[in-house]
Amino acid sequence: MSRRASCSATSGSDFAAQRTYTPPMPKGSSKREKREDSSQAARRVVDTVIERSEADAEPEIEITPEMRAAAAAFGRIGGRIGGPRRAEALSARKRSEIAKKAAAARWKGDK
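> Tell me about the overall build of the protein, and name the residues and values.
Assigned secondary structure in the protein consists of five helices and zero strands. Traced from its N-terminal end to its C-terminal end, the protein shows the element sequence α-α-α-α-α. The 111 residues of the protein split such that 0% are buried. Accessible area of the protein: about 11300 Å², with a carbon and sulfur share of 56%.

Written out as structure tokens, the structure is:
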């Protein structure tokens, strides 16, 4: 008996049945995706925080002419009170220095 005869003792269909233990070839690339590094992770976290904060942000308030008038009135009241009180708190020498500096700024030639 030849060697060939002893190996071919199984038929073709039996041989295919015995090969079922072989796993199939993987489809596509078997390489894993690269993991993100620390700077990429930090960027992803910052983007997520910004996205969530923008979603939770309150809508901008439209400033009406009435609101502007009220703010101007409060500013005038504060100016009427604050200016004289500041002048009382300053010494005459300090007031004079401030006045000289203001006059120099007004007469500066940058026009």
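> Describe the pattern of salt bridges, and please don't skip the residues or the numbers.
Two side chains bearing opposite charge may form a pair once their charged atoms approach each other closely. Enumeration over the complete set of coordinates arrives at three salt bridges. Note that arginine 44 is salt-bridged to glutamate 36, the shortest N-O span being 2.7 Å. With a relative accessible area of 44%, arginine 44 lands in the partly exposed category. Residue glutamate 36 is classed as partly exposed on the basis of its relative accessible area, which comes to 39%. Among the ionic pairs, aspartate 47 bridges to arginine 43, the shortest N-O distance being 3.2 Å. Of the two residues, aspartate 47 and arginine 43 are both situated in helix α3 (residues 38-56); the distance of four residues between them amounts to about one turn of the helix. On the accessibility criterion, aspartate 47 (37% relative accessible area) is partly exposed.

> Any details on the confidence of the model for the protein? Residues and values, ideally.
For the protein, per-residue confidence averages 79 on the pLDDT scale, and residues scoring 70 or more make up 74% of the total. For the protein, per-element mean pLDDT is lowest for helix α1 (residues 3-7), which scores 49, and highest for helix α5 (residues 92-106), which scores 93. Within the model, pLDDT remains below 50 along residues 4-8, and this stretch shows zero contacts once partners closer than five positions in the same chain are excluded.

Basis of the calculations
- Residues numbered from 1 in each chain as written.
- Predicted model: local features only at pLDDT ≥ 70, side-chain atom pairs only at ≥ 80, totals over all residues.
- Heavy atoms only, no water.
- Helix = DSSP H or I, 4+ residues; strand = E, 2+ residues; numbered from the N terminus.
- Buried < 20%, exposed > 50% of the residue type's maximum accessible area, 1.4 Å probe, protein only.
- Areas by Shrake-Rupley, 256 points an atom, 1.4 Å probe, with all protein chains shown as cover.
- Salt bridge = Lys/Arg side-chain N within 4 Å of Asp/Glu carboxyl O.
- pLDDT = per-residue confidence, 0-100.
- Contact = heavy atoms within 4.5 Å.

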